[in-house]
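# Structural overview
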Amino acid sequence: MTLKEKLNASKIPEHVAIIMDGNGRWAAQHGNERFHGHEQGVESVRSVLEGASEIGIKYLTLYAFSTENWSRPKAEVDALMGLLVYAINNETESLKEKNIRLRMIGDYNSLPPEVQEKLDWSINELKDCTGVNLILALSYSSKWEITEAIRKIAVDTKSGKIQPEEINKELIDKYLATNGIPDPELLIRTSGEARISNFLLWQIAYCELYFTPVLWPDFNKENLFEAVSDFQNRERRFGKTSQQIVS
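Residues numbered from 1 in each chain as written. Predicted model: local features only at pLDDT ≥ 70, side-chain atom pairs only at ≥ 80, totals over all residues. Heavy atoms only, no water.

## Concerning the packing of aromatic side chains
Put simply, the rule is: Any two rings among Phe, Tyr and Trp, with Trp reduced to its six-membered ring, count as a pair given centres within 6.5 Å; such a pair is stacked if its planes are under 30 degrees apart, edge-to-face if over 60, and tilted if neither. In DSSP terms, a helix is any run of H or I states spanning at least four residues, a strand is any run of E spanning at least two, and both are numbered starting from the N terminus. Only protein chains enter the accessibility calculation, which uses a 1.4 Å probe; a residue whose area is less than 20% of its type maximum is buried, one above 50% is exposed, and one in between is partly exposed. Criterion for a charge above a ring: Lys NZ or Arg CZ within 6 Å of the ring centre, and within 35 degrees of the ring normal.
As enumerated under the stated definition, the model contains six aromatic pairs in all. A centroid spacing of 6.1 Å and a plane angle of 90° characterise the contact between Tyr140 and Phe199, whose relative ring orientation is edge-to-face. Residue Tyr140 is found in strand 4 (residues 133-140), and its partner Phe199 is found in the loop between strand 5 (186-189) and strand 6 (208-211); the two are separated by 59 residues along the sequence. Between Trp216 and Phe219 the ring centres are 5.4 Å apart and the planes differ by 20°, which places this aromatic pair in the stacked class. The two residues Trp216 and Phe219 agree in class, both being buried. Grouping aromatic residues by their ring pairs yields a cluster made of Tyr63, Tyr140, Trp144 and Phe199. The ring of Trp121 carries Lys118 above its face, with NZ or CZ at 5.4 Å from the centroid.

## A closer look at the pairing of strand 3 (residues 101-105)
Here is the rule: Pairs of strands are assigned from DSSP output, requiring at least two bridges between the strands. With strands facing away from the observer, any crossover in which the path from the first strand over the helix to the second runs clockwise is taken as right-handed.
Alignment of strand 3 against strand 4, held across five bridges, turns out to be parallel. Bridging from a neighbouring strand, Leu102 pairs with Leu134 of strand 4. Regarding topology, helix 5 (residues 113-125) serves as the crossover connection from strand 3 to the parallel strand 4, and that connection is left-handed.

## Considering the packing of helix 4 (residues 74-97) against helix 5
Rules: Lines fitted to C-alpha atoms define the axes here, with helix axes fitted over just the stretch in contact, and angles between the N-to-C directions of these axes take values from 0 to 180 degrees. The cut-offs work like this: below 35 degrees is roughly parallel, past 145 is roughly antiparallel, 65 to 115 is roughly perpendicular, and the gaps in between are oblique. Any two residues whose heavy atoms approach within 4.5 Å at even a single point are treated as in contact. When residues are grouped by polarity, Ala, Val, Leu, Ile, Met, Phe, Trp, Tyr, Cys and Pro land in nonpolar, Asp, Glu, Lys and Arg in charged, and all others, Gly among them, in polar.
As a packed pair, helix 4 and helix 5 sit with axes 10 Å apart at the nearest point and diverge in direction by 10°. It follows that helix 4 is roughly parallel to helix 5 by the angle criterion. Residues Met81, Leu84, Val85, Ile88, Asn89, Thr92 and Lys96 of helix 4 touch helix 5, and the partners they reach there are Glu114, Val115, Lys118, Leu119, Trp121, Ser122 and Glu125. For the contact of helix 4 with helix 5, the per-class residue count stands at seven nonpolar, three polar and four charged.

## Regarding the pattern of salt bridges
Under the convention used in this document: Salt bridge, as applied in this entry: a Lys or Arg side-chain nitrogen positioned within 4 Å of an Asp or Glu carboxyl oxygen.
Under the criterion given, the structure shown has 17 salt bridges. Note that Glu54 and Lys4 form a salt bridge whose closest N and O atoms lie 3.2 Å from each other. Of this pair, Glu54 sits in helix 3 (residues 34-55) while Lys4 sits in helix 1 (residues 3-6); the two residues are 50 residues apart in sequence, bridging distant segments of the chain. Judged by relative accessible area, which is 34%, Lys4 ranks as partly exposed. Across the pair Lys221 and Glu54 runs a salt bridge, and its minimum N-O distance is 2.8 Å. A residue pair is termed long-range when its members are at least 10 positions apart, and Lys221 in helix 8 (residues 221-232) and Glu54 in helix 3 qualify at 167 residues. Exposure remark for Glu54: the relative accessible area of 35% places this residue in the partly exposed category. Linked by salt bridges that have partners in common, Asp21, Arg25, Arg189, Glu193 and Arg195 make up one network.

## Describing the nonpolar core
If you look at soluble globular proteins, the nonpolar side chains tend to sit buried side by side. Going by this rule: In plain words, nonpolar cores are sets of buried Ala, Val, Leu, Ile, Met, Phe, Trp, Tyr and Cys residues tied together by side-chain atoms within 4.5 Å.
Ile18, Leu60, Ile188 and Leu224 are the most contacted members of the largest nonpolar core, which has 43 residues in total. In terms of residues, this core owes the most to one element, helix 4, which gives seven residues. Not counting the four nearest positions on each side in its chain, Leu224 is found in contact with Val16, Val48, Gly51, Ala52, Ile57, Ile188 and Phe219. Within the second largest apolar cluster, 15 residues are counted, among which are Tyr59, Tyr63, Tyr140 and Ile196.

## Structural notes on the sheet that holds strand 3
Taken together, the six strands give an open sheet; going across it, the order is 3-4-2-1-5-6, and neighbouring strands pair in parallel fashion. Edge positions in the sheet fall to strand 3 and strand 6, since each of these pairs with one other strand and no more. Sheet twist, expressed as the average angle between the axes of neighbouring strands with direction ignored, equals 20°. As paired elements, strand 5 and strand 6 share four bridges and run parallel to each other.

## With respect to the packing of helix 3 against helix 4
Here is the rule we go by: By convention, the crossing between two helices is left-handed when the near helix turns anticlockwise from the far helix through less than a right angle, and right-handed when the turn is clockwise.
At a minimum axis separation of 11 Å, helix 3 and helix 4 run at an interaxial angle of 25°. The angle between helix 3 and helix 4 places the two elements in the roughly parallel class. Considering only the axes of helix 3 and helix 4, their crossing is right-handed. Between helix 3 and helix 4, the residues in contact are Arg34, Phe35, His38, Glu39, Val42, Arg46 and Leu49 and Glu76, Ala79, Leu80, Leu83, Glu91 and Leu95, respectively. For the contact of helix 3 with helix 4, the class distribution of residues is seven nonpolar, one polar and five charged.

## Side note on the environment of Ser122
Rules: In protein, a polar contact requires one atom able to donate a hydrogen and another able to accept it; more generally it is a pair of N or O atoms within 3.5 Å, and residues adjacent in sequence count only if both atoms are side-chain atoms.
For Ser122, the position within the fold is in helix 5. The spatial distance from the C-alpha of Ser122 to the C-alpha of Lys96 is 9.5 Å, given a sequence separation of 26 residues. Those residues in contact with Ser122 that lie beyond four places of it in its chain are Ile88, Thr92 and Leu102. One polar contact links Ser122 to Thr92, side chain to side chain, over a distance of 2.9 Å.

Fair warning: the whole summary comes from geometry, so function is off the table for now.
Here you go:
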């Protein structure tokens, strides 16, 4: 029996988020420039998407480019933006065939016009798909997202649209970039690093964390199945006792 076959179909996480880390180290280990690691990482995205579809994951959020990544060397940033445009242009038809819907969270206005144009086109092309929701976190950071939410809530409070006593966690959810998307149940980080890196801090309050030493370009759907298997063996209590969960 394969690892996929051993998974409990009734306990598949609805939403999996991934911090795709290790592209540069992978490239260095193979004697290549960092960009080659990013190129190979696209293959991993294909494999993981395929695996997510096979086991019934409904939402897959990939941390593709953080707001902090803008501080990397200009040549690398330009290459990453170029790769993003190339990937969107070349993968959209395949995504449509696989019934995958594309969404984006992050500071849209900070992205280059060509990236915005391709994103708009691809999102529109895939808007009627009903399979996995692929969510790209681009020019995203959780502190940016929360700051934007607070600013919008302040504006709406000042205008009288909402009252201070109405502010609760459900209302805050509606002002976040992830409005309408369920919180992740499983967060995976590749490359052996054990930190969150400013990713979905509000949304992962009760998320299971899974850290793997596998570098992102080596990560595939079998590694995804391993992470889901680990998830299924954990006890999710949400503040309750084990006895309460059993009963």
